[in-house]
Amino acid sequence: MKFGAVPTREAAGLIAAHTVRSHDVTLRKGRVIPAEDAARLAAAGLSELVAVTLEPGDVAEDPAAERLAAHLAGPHLRRELPFTGRCNLHAATAGLLHIDRAAVDAVNGVDEAITVATLAPYKPVVAGEMVATVKIIPYAVPGAALDRACGAAPAGALAVAPYRLTRVAVVSTLLPGLKPATIDKTLANLRHRLAPTGAALVTDARVPHRREAVAEAIRAAVTEDRAELVVVFGASAIADRRDVIPAGIEAAGGHVAHLGMPVDPGNLLLVGRVAAVPVIGAPGCARSPKENGFDWVLHRLLAGLEVTRADIVALGVGGLLMEIGSRPQPRSGGDPAEDDA
């Protein structure tokens, strides 16, 4: 691609590098210069224009952006028509944005003229939301560079994982001093979290804070209520793998995959399974409507994505979230015995 001043009489068919308004003629930036406009400007005394000349093998910005966007777009993404060197991708359904980050980094490293920007990985999105944009910086790119960019990423490196689980059971344990209103508010916040995903509560079990009671409630949720996900809100935060909630999961025939996560608020979260049904031991901050580590795990599981120990330990970078004012122990200090993150 050549970029620079050319005699106005020779500019017909080239691309205007800048918008020009002169002598009742308007040339739009990035548009092909009509022959009649070039002639009128030359006759009016404008001697030269800054224009772009495509060379053999060059691909104009719009088709280049569209080709790369089409290559990157995986399941449940919709591609918009390109404009001014940009092609946007939108979610076709509600779910989690799934990104091959190494692939996107590789594409962006090919040539400074080729860029891809996305929302954060695993961000919950709704149908119609823009999740990524491919932008070609100049007016064209060499075809070889575009080929390398497409080759740097597997096809479908961006996708939306739609929400799949719809039946959620809640088990709340009870201790003296825990008000029913607190549990009611917790469930209201959970319903609000579930609303965009299409999931709903199928049972609300409130049981004593004892291992056997937790085990029985989980078994009933899985076998009788056909729950696809069980969330356990403890009257007291989980302090150890031998505590009531993890012990109850194991007594129900399940196992604990991981306890604790490098996300704050959200440190005291547990993930496990009973049969094929995932179980979350919710941290105390999950009672709050504000975003915390519970949201991250909840949405992944609702999208049918496995949450492994490796997934959880990788959340530390970016895992320091905003302080929740209602926390019993703010980060700045307090009584360690009351930590309910």
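The structure we're discussing is the one just above.
Residues numbered from 1 in each chain as written. Predicted model: local features only at pLDDT ≥ 70, side-chain atom pairs only at ≥ 80, totals over all residues. Heavy atoms only, no water.

## Things to note about the sheet that holds strand E1 (residues 2-7)
In step 1: Spatially, E1-E5-E2 is the arrangement adopted by the three strands of the open sheet, whose pairing is antiparallel. Only two strands of the sheet have a single partner each, and these edge strands are E1 and strand E2 (15-16).
In step 2: Bridge analysis of E1 against strand E5 (residues 48-53) gives six bridges, and the strand direction is antiparallel. For Lys-2, the partnering residue across the bridge sits in E5 and is Thr-53. (Pairing = 2+ DSSP bridges. Helix = DSSP H or I, 4+ residues; strand = E, 2+ residues; numbered from the N terminus.)

## Description of the side chain of Asp-37
In step 1: The residue Asp-37 is located in helix H1 (residues 35-43) in this model.
In step 2: This buried residue, Asp-37, is left without a salt bridge; Arg-40 holds the nearest opposite charge, at 4.2 Å.
In step 3: Not counting the four nearest positions on each side in its chain, Asp-37 is found in contact with Val-25, Thr-26 and Leu-27. (Buried < 20%, exposed > 50% of the residue type's maximum accessible area, 1.4 Å probe, protein only. Lys, Arg positive; Asp, Glu negative; His and termini not counted. Salt bridge = Lys/Arg side-chain N within 4 Å of Asp/Glu carboxyl O. Contact = heavy atoms within 4.5 Å.)

## Let's talk about the pattern of salt bridges
In step 1: In total, this model carries nine salt bridges according to the counting rule given.
In step 2: With a closest N to O distance of 3.9 Å, Glu-66 and Arg-79 form a salt bridge. Residue Glu-66 is located in helix H2 (residues 61-72), and its partner Arg-79 is located in strand E7 (residues 77-79); the two are separated by 13 residues in the primary sequence.
In step 3: Overall, the relative accessible area of 26% leaves Glu-66 in the partly exposed class.
In step 4: In this structure, Arg-193 and Asp-295 form a salt bridge, with 2.5 Å as the shortest nitrogen-oxygen distance. Separated by 102 residues along the polypeptide, Arg-193 in helix H5 (residues 180-194) and Asp-295 in helix H8 (residues 293-302) bring together distant segments of the chain.

## Thoughts on the environment of Asp-225
In step 1: Structurally, Asp-225 can be placed in the loop between helix H6 (211-223) and strand E17 (229-233).
In step 2: Taking relative accessible area as the criterion, Asp-225 reaches 23% and is therefore assigned partly exposed.
In step 3: The sequence separation of Asp-225 and Val-168 amounts to 57 residues, and the corresponding C-alpha distance is 9.3 Å.
In step 4: Beyond its immediate sequence surroundings of up to four residues, Asp-225 is in contact with Arg-167, Val-202, Thr-203 and Ala-220.

## Concerning H8
In step 1: Counting buried positions along H8 yields nine of 10 residues, so the element is predominantly enclosed.
In step 2: Of all the positions in H8, only Gly-293, Phe-294, Asp-295, Val-297, Leu-298, His-299, Arg-300, Leu-301 and Leu-302 are classed as buried.
In step 3: For H8, the N-terminal capping position is held by Asn-292, with its side-chain oxygen 2.9 Å away from the main-chain nitrogen of Phe-294.
In step 4: One or two steps after H8, the chain reaches Gly-304, where phi turns positive at roughly 80 degrees. (Polar contact = N/O pair within 3.5 Å; in protein donor to acceptor, adjacent residues only side chain to side chain.)

## Describing the state of the cysteines
In step 1: Enumeration according to the criterion identifies zero disulfides in this entry.
In step 2: Cysteine Cys-87 is unpaired, with the sulfur of Cys-150 as its nearest cysteine sulfur at 12 Å.
In step 3: Owing to a relative accessible area of 0%, Cys-87 belongs among the buried residues under this scheme. (Disulfide = S-S within 2.5 Å.)

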